[in-house]
Structure formats: structure tokens, C-alpha cells
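# What the coordinates show
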Amino acid sequence: MRFLLDAEQREFARSLDAMLSAADTPAVIRDWSRGERAGGLALWSRIAEAGVFALAVPEAYEGLGPRPVDLAVAFVELGRHAVPGPLVETVAAAALLRDPGPAKRFLPALAAGESMATLAPEGSYAVDGDAAALRLTLAADGLRLAPGHGPVRPSLDPARRLTRLLPGGELLVPDPSADRALRWARLATAAQALGVGLALLERTVAYVGQRVQFGVPVGSFQAVKHRLADAKIALEFARPLVLGAAVTMSPADVAAAKVSACEAAYTTARTALQLHGAIGYTAEYDLSLWLTKARALRTAWGTPDDCRAEVLRGRA
Amino acid sequence: MDLAHSPADEAFRAEARAWLRARVPSEPLPSLETAEGFAAHRAWEAELAAAGWSVVNWPTRYGGRDCGLMRWLVFEEEYYAAGAPGRVNQNGVSLLAPTLLDHGTEEQRARVLPSMATGEVVWAQAWSEPEAGSDLAALRARAVRVAGGWRLSGEKTWSSRAAFADRAFGLFRTDPDTPKPHQGLTYVMFDLRAPGVTVRPIGRLDGKPAFAELFLDEVFVPDEDVIGEPGQGWRIAMSTAANERGLTLRSPGRFLSSADRLHALWADRGSPEAAAARVADALIGARAYQLFTYAAASRFLAGERLGPESSLNKVFWSEYDIALHETALDLLGAQGAEGEAADTDWSEGYVFSLAGPIYAGTNEIQRDIVAERLLGLPRGRRR
């Protein structure tokens, strides 16, 4: 028993953080929201070069994985920097495409960052269907390669571009392991949400330390401190659930991590907005990029109720 | 990153489980906040100690197994999973013993620890005073130098377990003229039955005397019952408080077991949909607490010192404990007034849980510590 990231994993997180900090992600996110993809695609390539997508792809198909713990570590950083694009969906697609035929055909490009994937049950919205080269539909008769997508609809998080996938298309896998894909998607979403929450907390702590009212920083008021302390507590107890779920990959552990990380991030988002006041309520201030993502991730790949039901099934 | 216990730790688990299955009383003991229950719990401690299970992580020479932090966690999981009784000597074991191991003399350890391990001497804590709760440094009870020791005078209150315990430990002011209130304090052990001590039990919410007021009138304490240097009591006590809030006051085993019992109660009541989310959250919270503790223990064993992050822990478990018991009482109450019945494990646990956010440093103080020391926010006007 040694429930601790090793030096290599911590260094991996640090190097991703440094790379993303230098990348001016807020500008990339705003462009992505308008459908301008050049910056997002360049960032995607660098994330792939760092090996992030390869962690979800087996070595046999030019990946490094499957390595869920390292993937979780990476997704915390992607969330902290609010990186746009179908990150989770690409990971879920890699978990779905395990039959040798489709695996050989698609996985090397996903691992290398040469293509993005999106994925949705038939009739649901898929995230970033306009940007993804590989659009996968979970239809009644199996996993299909969608022939295209419908018009883009804005999400509550402008950086998530929602599209319906067109029905039909090539049948790739008649009996796909949707459960495995769901577990990987939930794990990645949970880690990403944790990162979103950590960024919201960090930014809010910085803000209340310099925002002066009644002649003192508002961060010296106990009412403000206690809300931030509660956010910190929620996030710090979600973190081991995320890493523990990556170790076991049990459906109940992954669901527990998802509900807990997403609730912690959402609570932190509410606190961040309240403590920033009106400036936090504007789209021009960067905080909004994290605020809206915290809300969107909360229901992505399973609502809190869905995830709690999975936890209870784990005890049945 | 690994969650599997070593084969040797799993063998230790199996040994503990087998013993506990054979020996845990089949009927719950009476509440330890009653004279009858106190005696029954003391007898249980003696039985545990005779088999070497009462203080597994202590050095062997004091009655432990020197088994290390991970095995302590494993033992606690098994202990509570087996439905074993609450620990009557928890104040001594989790507060005084670590202090003696860190700051006591060998003579003190050899004298105090073995009888604590067997339950022969049960310890009460005597920190709080009428004017010194969260602001502990404001305490006034004093110790005055006399030949061969000290004389204690003053008043302590909210002393957990003092109604039935044998001895107590706490801080006393030995130098009233220091510039700062936390200087000039001395850490003292004393006998609750010594001449000059009056113990007035206080009924908690349910009327049971879970704590007491102590009136001290020139109570003699020999030098050998002072822990560490006189005047250094605050520093010594703070290292104890970090322990208390940190790894050893509330073990994950206790909450894992409570969450399992809650889940069983919910299933037994027909798994009502209205309570499903709360039951799921109890399971998630217990798992979170277990994994958080494993992470902290792993860091500790890797040589890191655990500091103010123990305050995260204290707020989490104390609020978790209340939410869990509230859910149980609501499930019981859903079919009539059963949720009010005062003599069930759940109602006893509920009353106990309500004190969690108050003792061991109120949760407001803990949140201040989280905000100031972990998040780096500016200090306000308190202190």
C-alpha cells in the first residue's frame, strides 16, 4: 500500500501545467467557442505529444496504456487550464475501439493527436462534433461511424459545441463494451472537474486577497474564509476518490469519484462567483471559462443521480 | 500508486478478523456514558489487551504490537466492521499516549501506558475552562510550585469521560506574567480522586453524564506528573492536538462500518428512493475518508510531516458523522416515531456526533486554519 503519486507522475503534472500555462489557454478557449480551431488544434497536438491520449491507448496500437492513474493526473491539469475540445470523448472512444479491426484503423491517430473523436448515444448531443474527425454513435445495433453532424448549438459552456450526429453510417463494432467506455469517460470527467475546481479556488483566493472593501482585503473576513475553506475541503476529499478510482477502475469507485469531484467543482464555482461579485458574472472576465465548465461537467457522462445509483449498485 | 495491502498486512488483517469474530460481544454493551456501561467497556478493554489488540500500534514494551500506521488502519477497519464496542480510553490512547511517546520520560511511559492499554486506568481530558474553549490560551487554572511538585487550583469543564474516569491531563498556568497568553503553561497529569478534586458530572443533550466540571482546590501533583519542561505546555499540547485532528482520532474503519450499517438499514426498510442519494453520499464519504487517510498515511510514511491539513480532516469527519446519523434517524422515523427512540445505537451515535463540530477545536476555528494556513488568506480580527 502506497497511495501516493510517484516522482515521475508529479513531474508529468508539473510539465503539463508549465506547457499549458505558457499556451494562453483563455484566448484558445474563446477562439474555440467561435469555431476558430487553429489554436485549439495546435494545443491538442502538444497535449498528444506529451503522451496524454496515448495513455488511453494500448501499446499494441501505438499507445502507452492503458494507464488510468497517469491519465487522471493529466486530466486534472487539462481541467485546471480549461483546455477546450472533446478530450473526454477521445479517451472514451479509445476505450470503445478495442476490437482489432477498428483499433488498428483508428487508435494510432487518436494516440498521436492527429484526430479528435466524439461520441454520443444515438439522438443525443455530441460535444464538438464539428471538430472531431471520428464521430461515433452508440446505436441500438452497435457502434457506428456517423456520416456527419447537424448544426452547432451553443452549450451552457460556450467552449463545448453541441451537435447531433447524423444517423446511419458504417457499423464498426456490433457489440461494443459501452461500460468500459463509460468508466473511462467518467474517470476523465471527474479528474477534469477536479482541475476546474482547483483553478476556481486558486483564482478566487488570489482575488479576495487583493480586493479591498471597508479598508481591508475581503479575504480577511471570516464569512469569505469559511466558504473558501469548505471549497478546499470538498476538493481535497474528491482528489483521493479520483486517484483511487483510477487504481481500481471499479464502476462504483469511478461513479463516486465523478459525483464527488463534480459536486466539489460546482460548489467551488458557486463560491467563486459569489466572492468575485459582479466582475465574476461577466463573459469578458476569464473566470467565466471555468464557471460554465464546472456546470457542464456536472451532468456530462452521468448526472449526480446516475452516479449515486451506480454507487448503490456496487453494494447490492 | 497502490491500494493493495501487502500479504503480511493481509495476514495481520485475517488474524485480527478471526479474533474479533470469536470475541466481540454478541449484544452491544450498555452506553459507555453510564456507570454500568463504563465498567463493561473497561472489562472489554482488558480482554482486548490480554490478547494484544488494545493498542496495536504502540511499542510492544507498553502493551502494543508495534505494528505501524498501515496495520493500525487495517485493524481499525476490522475492529469496526466486526461491530466491536466504542473505545472507552480514546482520550488517553489518542491524546495523552502520543504526547508521552513524543515528550514524556521513559519513567512516565513505563508507568502510565501499560495501565492505559488494559483499561485499568481510564483518562479524561481537561483542556477547556469556562472562559477558555476555542480560545484555549485564555485558560486560568493555575499550578503553583511547592516542594516536590505543584498545587493545582481552578476550574476545568466539558471534560469528556471525567464523570467515571480515573485520571486526567491538561494545561495549567504556571507563570501568570508572560507577555503572551500561550506562554507559561505547563502540561500536567493528575488524579481525579486526589484530595481537593471535586467532579461534577454534566448531562449532555440526552442527560447522560458524558462530561464533567472539575473543581480543583490546592491539588498536589508530584514533579513526575509534569510532561516536558514547565512553561512548554502549549507547544506540547499543540503537537497532541495535531494528532487528535489528524490520523488517529477518527479512523476510517469507523465510518466505513457506519456507512455499511446505514446501507443495510436502508435496504432493510425497502430501499426508499427518497433517501437513496443520502445513503449513496454516506458510502461515498466513507470511501473518500478512507482514501484521504491512506494518502495522508502514505505521505507520513514517506517522511512528510502532516501539518494544518489535519483541519480539513476534522471538519470533514465531524459533519459527515452528523449527516450519516441524521439519515439513519430519518429512515427509522419514516415508519413512526422509531427515529426518536433514545436507546438505540443510532440515536446514541447521533447525540455523540452532534458534539463533533464543537470539540477538538470548533469547526469555525478549523476553517480559519484551512483558510489562513492552507490557502494563505490574510488573518482577520480574531486573535
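Here is what the cut-offs are and how they apply
Residues numbered from 1 in each chain as written. Chains lettered and ligands numbered in written order. Predicted model: local features only at pLDDT ≥ 70, side-chain atom pairs only at ≥ 80, totals over all residues. Heavy atoms only, no water. Helix = DSSP H or I, 4+ residues; strand = E, 2+ residues; numbered from the N terminus. Rg over C-alpha atoms; globule rule 2.2 N^0.38 Å. Contact = heavy atoms within 4.5 Å. Areas by Shrake-Rupley, 256 points an atom, 1.4 Å probe, with all protein chains shown as cover. Lys, Arg positive; Asp, Glu negative; His and termini not counted. Charge placed at Lys NZ, Arg CZ, Asp CG, Glu CD. UniProt positions renumbered as here; feature names shortened; annotations may be inferred. Buried area = accessible area lost by both parts, 1.4 Å probe. Salt bridge = Lys/Arg side-chain N within 4 Å of Asp/Glu carboxyl O. Polar contact = N/O pair within 3.5 Å; in protein donor to acceptor, adjacent residues only side chain to side chain. Pairing = 2+ DSSP bridges. Axes fitted to C-alpha atoms, helices over the stretch in contact; angles between N-to-C directions. Core = buried A, V, L, I, M, F, W, Y, C linked by side-chain atoms within 4.5 Å. Buried < 20%, exposed > 50% of the residue type's maximum accessible area, 1.4 Å probe, protein only. Phe/Tyr/Trp six-rings, centres within 6.5 Å; stacked < 30°, edge-to-face > 60°. Lys NZ or Arg CZ within 6 Å of the ring centre and 35° of its normal. 1 Å grid on protein atoms, 1.4 Å probe; cavity = no way out; pocket = protein on both sides within 12 Å on 5 of 7 lines; lining within 4 Å. Points joined across faces, edges and corners; volume = space filled by probe spheres on them. Nonpolar A, V, L, I, M, F, W, Y, C, P; charged D, E, K, R; others polar.

This part is about the overall build of chain A. Of regular secondary structure, chain A possesses 11 helices and 9 strands. Taking 2.2 N^0.38 as the reference for a compact globule, 316 residues should give roughly 20 Å; the C-alpha atoms of chain A span a radius of gyration of 19 Å, in line with that estimate. Overall, the C-alpha framework of chain A stretches about 65 × 45 × 35 Å when taken along its three principal axes. For chain A, the share of sequence-separated contacts (at least 6 apart) that also reach a separation of at least 24 residues comes to 71%. Summed over all atoms, the accessible surface of chain A reaches about 12200 Å², with 53% contributed by carbon and sulfur. Across chain A, the centroid of the 35 positively charged side chains sits 5 Å from that of the 33 negatively charged ones.

The helix and strand inventory of chain B stands at 11 helices and 8 strands. Taken over C-alpha atoms, the radius of gyration comes to 21 Å for chain B, in line with the 21 Å a tight globule of 383 residues would show. Taken along its principal axes, the extent of the C-alpha atoms in chain B is 65 × 45 × 45 Å. A sequence separation of at least 24 residues applies to 72% of the contacts in chain B between residues at least 6 apart. When the accessible surface of chain B is totalled, it reaches about 15800 Å², and 53% of it is carbon and sulfur. Positive and negative charge centroids in chain B, built from 41 and 52 side chains respectively, lie 4 Å apart.

UniProt marks residues 124–217 of chain B with the feature "domain: Acyl-CoA oxidase/dehydrogenase middle" (unreviewed entry), using the numbering shown here. Overall, residues 124–217 of chain B shows 0% helix and 50% strand. The separation of its end C-alpha atoms is 18 Å.

Counting residues at the interface gives 37 residues for chain A and 43 residues for chain B. When the two sides are added together, the surface that chain A and chain B hide from each other amounts to roughly 3700 Å², 74% of it contributed by carbon and sulfur. Where chain A meets chain B, there are 5 salt bridges. Its salt-bridge partner being Glu372 of chain B, residue Lys225 of chain A comes within 2.6 Å of it at the nearest N-O pair. Between chain A and chain B we count 12 residue pairs in polar contact (both at pLDDT 80 or more) in total. Elements represented by at least two residues in the side of chain A that touches chain B include exactly helix 7 (178–210), helix 8 (222–248), helix 9 (251–276) and helix 11 (304–315) of chain A. Ranked by residue count, the leading element in the side of chain A that touches chain B is helix 8 of chain A, at 16 residues.

What follows concerns the sheet that holds strand 5 (residues 153–154) of chain A. Residue and element names in this part refer to chain A. Here 3 strands make up an open sheet; going across it, the order is 2-6-5 and the pairing antiparallel. Edge positions in the sheet fall to strand 2 (125–127) and strand 5, since each has one partner strand and no second. Judged from the 3 bridges that link them, strand 2 and strand 6 (residues 161–164) form a sheet pairing that is antiparallel. If you follow Val127 over to strand 6, its bridge partner there is Leu162.

Here the focus is the sheet that holds strand 1 (residues 117–121) of chain A. Note on sheets: strands pair through backbone hydrogen bonds, and any given pair is parallel or antiparallel. Residue and element names in this part refer to chain A. Pairing in this open sheet of 4 strands is mixed, and the strands run 1-3-4-7 from one edge to the other. Either end of the sheet is taken by a strand with one partner, and the two such strands are strand 1 and strand 7 (170–173). The mean angle between the axes of side-by-side strands here comes to 30°, regardless of whether they run parallel or antiparallel. Relative to strand 7, strand 4 (residues 142–145) is paired through 3 bridges, and the arrangement is antiparallel. Paired with Leu143 across the bridge in strand 7 is Val173.

The next subject is the nonpolar core. The biggest cluster of nonpolar side chains holds 150 residues, and the ones touching the most others in it are Ile47, Phe75, Leu136 and Leu228 of chain A together with Leu262 of chain B. For this core, the element with the highest residue contribution is helix 8 (residues 276–301) of chain B, accounting for 14 residues. In contact with Leu228 of chain A, other than residues within four places in its own chain, are Leu201, Thr204, Val205, Val208, Thr271 and Leu275 of chain A together with Leu375 and Leu377 of chain B.

Residues and elements named next belong to chain B. Summarising burial for strand 4 (residues 167–173): 7 of the 7 residues are buried, a large majority. By the alternation rule, side chains of strand 4 split into Arg167, Phe169, Leu171 and Arg173 and Ala168, Gly170 and Phe172, which are all buried. As defined by bridge partners, strand 1 (residues 123–126) adjoins strand 4 across 4 bridges and the pair is classed as parallel. For Trp123, the partnering residue across the bridge sits in strand 4 and is Arg167. Relative to strand 5 (residues 185–191), strand 4 is paired through 7 bridges, and the arrangement is antiparallel. The residue of strand 5 that forms the bridge with Gly170 is Val188.

Aromatic ring pairs: the centre-centre distance and the angle between the two ring planes describe each pair. What the rule picks out here adds up to 23 aromatic pairs over all chains. Between Phe214 of chain A and Phe221 of chain A the ring centres are 6.2 Å apart and the planes differ by 70°, which places this aromatic pair in the edge-to-face class. Here the aromatic rings of Phe316 of chain B and Tyr320 of chain B are separated by 6.2 Å at their centres, their planes lie at 5°, and the arrangement is stacked. Of this pair, Phe316 of chain B and Tyr320 of chain B both sit in helix 9 (residues 310–333), 4 residues apart, roughly one helical turn. For Phe316 of chain B, a relative accessible area of 18% corresponds to the buried category. The class of Tyr320 of chain B is buried, set by a relative accessible area of 9%. Above the face of the Trp346 of chain B ring, Arg261 of chain B is positioned so that its terminal group lies 4.2 Å from the ring centre.

Looking at the secondary structure, you find Asp31 of chain A in helix 2 (residues 25–33). With 181 residues separating them in the primary sequence, Asp31 of chain A and Val212 of chain A have C-alpha atoms 33 Å apart.

Considering all chains together, one arrives at 53 salt bridges over all chains under this definition. The salt bridge partner of Asp281 of chain B is Arg308 of chain A, with a shortest N-O separation of 2.7 Å. Here Asp281 of chain B, found in helix 8, pairs with Arg308 of chain A, found in helix 11, and the two come from separate chains. The class for Asp281 of chain B is partly exposed, based on a relative accessible area of 31%. Between Glu129 of chain B and Lys156 of chain B there is a salt bridge whose closest N-O contact spans 3.0 Å. Placement of Glu129 of chain B in the loop between strand 1 and strand 2 (142–146) and of Lys156 of chain B in strand 3 (residues 149–160) is noted, with a sequence separation of 27 residues between them.

This part is about empty space enclosed by the protein. All names here are of chain A. Overall, the coordinates contain 2 cavities of 30 Å³ or more when judged by the stated rule. Of the pockets and cavities examined, the largest cavity occupies roughly 70 Å³. Considering the residues around the largest cavity, the lining is formed by 14 residues, among which Gly85, Leu87, Glu89, Arg160 and Gln192 are closest to the centre. When contributions to the lining of the largest cavity are tallied by element, the ones reaching two or more residues are helix 5 (87–96) and helix 10 (287–299). Considering every element that reaches the lining of the largest cavity, the biggest residue donor is helix 5, with 3 residues. Within the lining of the largest cavity, the residues separate by chemical class into 8 nonpolar, 2 polar and 4 charged.

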